[in-house]
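Architecture at a glance
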Amino acid sequence: MFELKMDNAKYWRDCVESIVSLIDEGSFNIAKDGISLKAMDPSGISMVSFFIPSKAFSKFEVEKPTSIGLNIENLGKVLSRARDDEVLVMKDADSKLLIEFIGKGVRRRYKLPLIDVRKNVEKEPNVQFDASVEVAGEPLKEIIKDANLISSYISFKAAKDNFTITAHGDSGELEEVHEPDGTVIKKLEAQKAADATFNLEYLENMVKSCPIGNSISMSLRTNEPIKLSYNIGDATITYYLAPYMES
Amino acid sequence: MFELKMDNAKYWRDCVESIVSLIDEGSFNIAKDGISLKAMDPSGISMVSFFIPSKAFSKFEVEKPTSIGLNIENLGKVLSRARDDEVLVMKDADSKLLIEFIGKGVRRRYKLPLIDVRKNVEKEPNVQFDASVEVAGEPLKEIIKDANLISSYISFKAAKDNFTITAHGDSGELEEVHEPDGTVIKKLEAQKAADATFNLEYLENMVKSCPIGNSISMSLRTNEPIKLSYNIGDATITYYLAPYMES
Amino acid sequence: MFELKMDNAKYWRDCVESIVSLIDEGSFNIAKDGISLKAMDPSGISMVSFFIPSKAFSKFEVEKPTSIGLNIENLGKVLSRARDDEVLVMKDADSKLLIEFIGKGVRRRYKLPLIDVRKNVEKEPNVQFDASVEVAGEPLKEIIKDANLISSYISFKAAKDNFTITAHGDSGELEEVHEPDGTVIKKLEAQKAADATFNLEYLENMVKSCPIGNSISMSLRTNEPIKLSYNIGDATITYYLAPYMES
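Let me sum up the structure you'll find in this document.

Parameters and conventions
Residues numbered from 1 in each chain as written. Chains lettered and ligands numbered in written order. Predicted model: local features only at pLDDT ≥ 70, side-chain atom pairs only at ≥ 80, totals over all residues. Heavy atoms only, no water. Helix = DSSP H or I, 4+ residues; strand = E, 2+ residues; numbered from the N terminus. Buried < 20%, exposed > 50% of the residue type's maximum accessible area, 1.4 Å probe, protein only. Polar contact = N/O pair within 3.5 Å; in protein donor to acceptor, adjacent residues only side chain to side chain. Axes fitted to C-alpha atoms, helices over the stretch in contact; angles between N-to-C directions. Parallel < 35°, antiparallel > 145°, perpendicular 65-115°, else oblique. Left-handed = near helix turned anticlockwise from the far one by under 90°. Contact = heavy atoms within 4.5 Å. Nonpolar A, V, L, I, M, F, W, Y, C, P; charged D, E, K, R; others polar. Least-squares fit on C-alpha atoms with pLDDT ≥ 70 in both. Salt bridge = Lys/Arg side-chain N within 4 Å of Asp/Glu carboxyl O. Buried area = accessible area lost by both parts, 1.4 Å probe. Pairing = 2+ DSSP bridges.

Before going further, it helps to examine the side chain of Ser-18 of chain A. Residues and elements named next belong to chain A. Among the structural elements, Ser-18 can be located in helix 1 (residues 9-20). Residue classification places Ser-18 among the buried positions, given a relative accessible area of 0%. A distance of 2.6 Å separates the side chain of Ser-18 from the backbone oxygen of Cys-15, its partner in a polar contact.

Shown next, in the form of structure tokens:
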């Protein structure tokens, strides 16, 4: 038994969009402190870890920790129907998730079936990162588009004084050198230079829900998974992506 | 012999778009009092009835009542080429419809061939409706999108105190309860509760030409066709749609 | 050895877009006075001739006249990545074209391979035109769309007092008469009436890079190629298109 209420239905929509950009199903764990979800994408090369504290809700009643498995894609579509000024209520009802949008003179209720989630994950990858870079969200989206012109992969290299992006393909080569000047690269810390290559499509899906004006934190270690995270209001979304090893 | 003139070509374009959203050919009947068109959609489950009074034209000369059969889709495309501040003239010429757009220093003339319309309809369905609902146009478009998430069908139920929408599908259920508070439901009158289910694609095409800010009137009777109509300036467009009987 | 610099990278992007709208590869000739390119489209029925004077660049160093063959489509894509306030540098490096975008704290470098261009053209068609028409760019784009409704071809007829467009197809006919009133037709000079028919798709591609507010000059002679040109800042783009002979 749980009943959650949020004064702005569109905020929960934004949260769920950050999850659905990578995975199609998952289990939300609803506990006293908030709601969390950890899931791998269908191909198993990336992972998403989401957390939103209970304080983000105007009402947060949970009898005991509960896990609800959902088709996240369907949940995202339902939430995309949120209108301005609508209040959101989520509760369990007859083994379904009831999602209620409450507006002036209107009560709209969707019921979504609960599902058994195939692949649950419990733990995040344990990597000792050597470098961390904080990049403004919009420029990072553009950097990914730059590389997309040339290749399906992008290499990130964090060094002491700069953050370098490279991409190679049949139609040409790209090299971008970004200095930590505060407009694009907000912060750069590299105990050791770190260099790895990643799939661009996954990265694109990971950054696309970053709210306008927010920064994205990236942690790197040579040829190890990247960790990428940002805030959506009180919520935090964290992604991991395995490196691509050129053969 | 007829010659019709309208000072704003884009208004006639809007009128024709409301017809072409449902049917692909039809006959305009041009008489002293105005122009009317009644036609069924190709599948025969819906009907459109259009009327525009002669006063909507700045010149309306008709020798005797005339019927002109047209490919309404082609007519709609030609009218979509109307520019701001252009005057529209329509007249018959050599068994064709001449459409003239007159702008500053420019005269653009399209000639469209007349066709024999396969399926003419003379009368509108005779239903004794039990309930009528007046809904603001934009919210009704949103309601139809809500249901589209879940199903290809939507059920409308008009009762004394509220207007309820339901939809069911594999991915979930939707129930919307709208009270007559004046923002979405402008007026609700039900002598008897009325409940019927309709195809969403047809409804979507019917409501899409409703001008922003206008209301849509719906008349319902249990398991009978719905009547849906709205104004486009001086013109009135009325649609009928047969109910879907779940088996 | 050359090094060219432009203070606004997006201006060079606009120039290249006018070329890539018609051809996919070509050779830029870089000489003291500026950069030129002449190329035929793959089908051989149209030609593009581009010139930009050296004064359009803030730095223009060329040791000796140089020709660089490029996949213009790839070049266009790279230039589409230009950001606001970025400076553009182009130079040769290891038999490649190095394109550098320089922003605040950022240096982005693309390298594009040089290619052997299959079909080089040296000279522009030698036609003694009988009429010239100067048309505002946006209205000409609309005229081409008008004709597109009806046909894949458009006929232009320049006479002493007006400029007439016609198109014929199964779904109808179009005739537009434009008088030289200064809003659409800026100037009209016909020593002799000139009348020819052209492929609409080619014309559409030719006019689409015309900057908003600019005029397009067309030169006509009966059943001869059309010459169409406009300015993009200091640069001039000129297109030729062979007439379509109805059989």
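Following the structure, the description resumes.
Attention now goes to the packing of helix 1 of chain A against helix 2 (residues 72-79) of chain A. Residue and element names in this part refer to chain A. Direction vectors running N to C along helix 1 and helix 2 enclose 150°, while the axes themselves pass 9 Å from each other. Comparing the axis directions of helix 1 and helix 2 gives the class roughly antiparallel. For the pair helix 1 and helix 2, the sense of crossing is left-handed. Residues Trp-12, Arg-13, Val-16, Ile-19 and Val-20 of helix 1 pack against Ile-72, Glu-73, Leu-75, Gly-76 and Leu-79 of helix 2. When grouped by side-chain class, the residues that make up the contact of helix 1 with helix 2 number seven nonpolar, one polar and two charged.

All names here are of chain A. In this structure, Thr-164 sits in strand 12 (residues 163-169). In this structure, the C-alpha to C-alpha distance between Thr-164 and Gly-103, residues 61 residues apart in sequence, is 49 Å. If sequence neighbours within four positions are ignored, Thr-164 has contacts with Ser-155, Phe-156, Lys-157, Glu-175, Glu-176 and Val-177. Polar side-chain contacts of Thr-164 include one of 3.4 Å to the side chain of Asn-162.

What follows covers the relation of the copies chain A and chain C. The two copies are related by a screw motion: chain A maps onto chain C through a turn of 120° and a shift of 0.1 Å along the axis, at an RMSD of 0.0 Å. Taken together, the rotation and translation relating the two chain copies correspond to the operation of a three-fold axis. Looking at the rotation axis and the C-alpha trace of chain A, the residue lying nearest is Ile-212 of chain A, at 17 Å.

Once that is clear, we can look at the environment of Thr-166 of chain A. Residues and elements named next belong to chain A. Mapped onto the fold, Thr-166 is located in strand 12. In sequence terms Thr-166 and Ser-155 are eleven residues apart; their C-alpha atoms lie 5.2 Å from each other. Contact partners of Thr-166, with chain neighbours within four places excluded, come to Ile-154, Ser-155, Leu-174 and Glu-175.

Here we take up unusual backbone geometry. Residues and elements named next belong to chain C. Phi at Asp-85 takes a positive value of approximately 65°, unusual for a residue other than glycine. Assessed through its relative accessible area of 74%, Asp-85 is described here as exposed. You will see that Asn-223, though not glycine, has its phi angle at about 55°, which is positive. By secondary structure assignment, the location of Asn-223 is in the loop between strand 16 (215-220) and strand 17 (226-232). The class for Asn-223 is partly exposed, based on a relative accessible area of 40%.

Further remarks concern the interface of chain B and chain A. With 20 residues of chain B at the interface, the matching set in chain A holds 16 residues. Counting the contacts that link chain B with chain A gives eight salt bridges. Here Lys-96 of chain A and Glu-173 of chain B are joined by a salt bridge, their closest N and O atoms 2.6 Å apart. Joining chain B to chain A, the criterion identifies eleven residue pairs in polar contact (both at pLDDT 80 or more). Those elements giving two or more residues to the side of chain B that touches chain A turn out to be helix 3 (137-148) and strand 13 (172-178) of chain B. A per-class count over the side of chain B that touches chain A returns seven nonpolar, four polar and nine charged.

Moving on, we come to the interface of chain A and chain C. Opposite the 20 residues of chain A that make contact, chain C presents 16 residues. Interface area, chain A with chain C, both sides summed: about 1500 Å², of which 45% is carbon and sulfur. The interface formed by chain A and chain C contains eight salt bridges. The partner of Asp-146 of chain A in a salt bridge is Arg-81 of chain C, and the shortest N-O contact between them spans 2.7 Å. On the surface where chain A and chain C come into contact, there are ten residue pairs in polar contact (both at pLDDT 80 or more). For the side of chain A that touches chain C, the secondary-structure elements that each account for two or more residues are helix 3 (137-148) and strand 13 (172-178) of chain A. No other element matches the seven residues that strand 13 of chain A contributes to the side of chain A that touches chain C. By residue class, the composition of the side of chain A that touches chain C is seven nonpolar, four polar and nine charged. In terms of strand pairing, strand 13 of chain A meets strand 9 (residues 106-113) of chain C through six bridges, oriented antiparallel. Counted as the bridge partner of Glu-173 of chain A is Lys-111 of chain C from strand 9 of chain C.

Here we take up the sheet that holds strand 3 (residues 34-40) of chain B. All names here are of chain B. The sheet built from nine strands is open, its strands ordered 6-2-3-4-18-17-16-10-14 with antiparallel pairing. Looking at the sheet topology across the chains shown, the edges are occupied by strand 6 (66-71) and strand 14 (185-190). Across the sheet, the axes of successive neighbouring strands diverge by a mean angle of 15°, strand direction being ignored. Relative to strand 16 (residues 215-220), strand 10 (residues 131-136) is paired through six bridges, and the arrangement is antiparallel. When the sheet's bridge partners are listed, Ala-136 is paired in strand 16 with Ser-215. Taken strand by strand, helix 2 (residues 72-79) contacts strand 2 (25-31), strand 3 and strand 6, and its axis lies near 85° from that of strand 6. Packed on one face of the sheet, helix 3 meets strand 10 and strand 16 and runs near 100° to strand 10.

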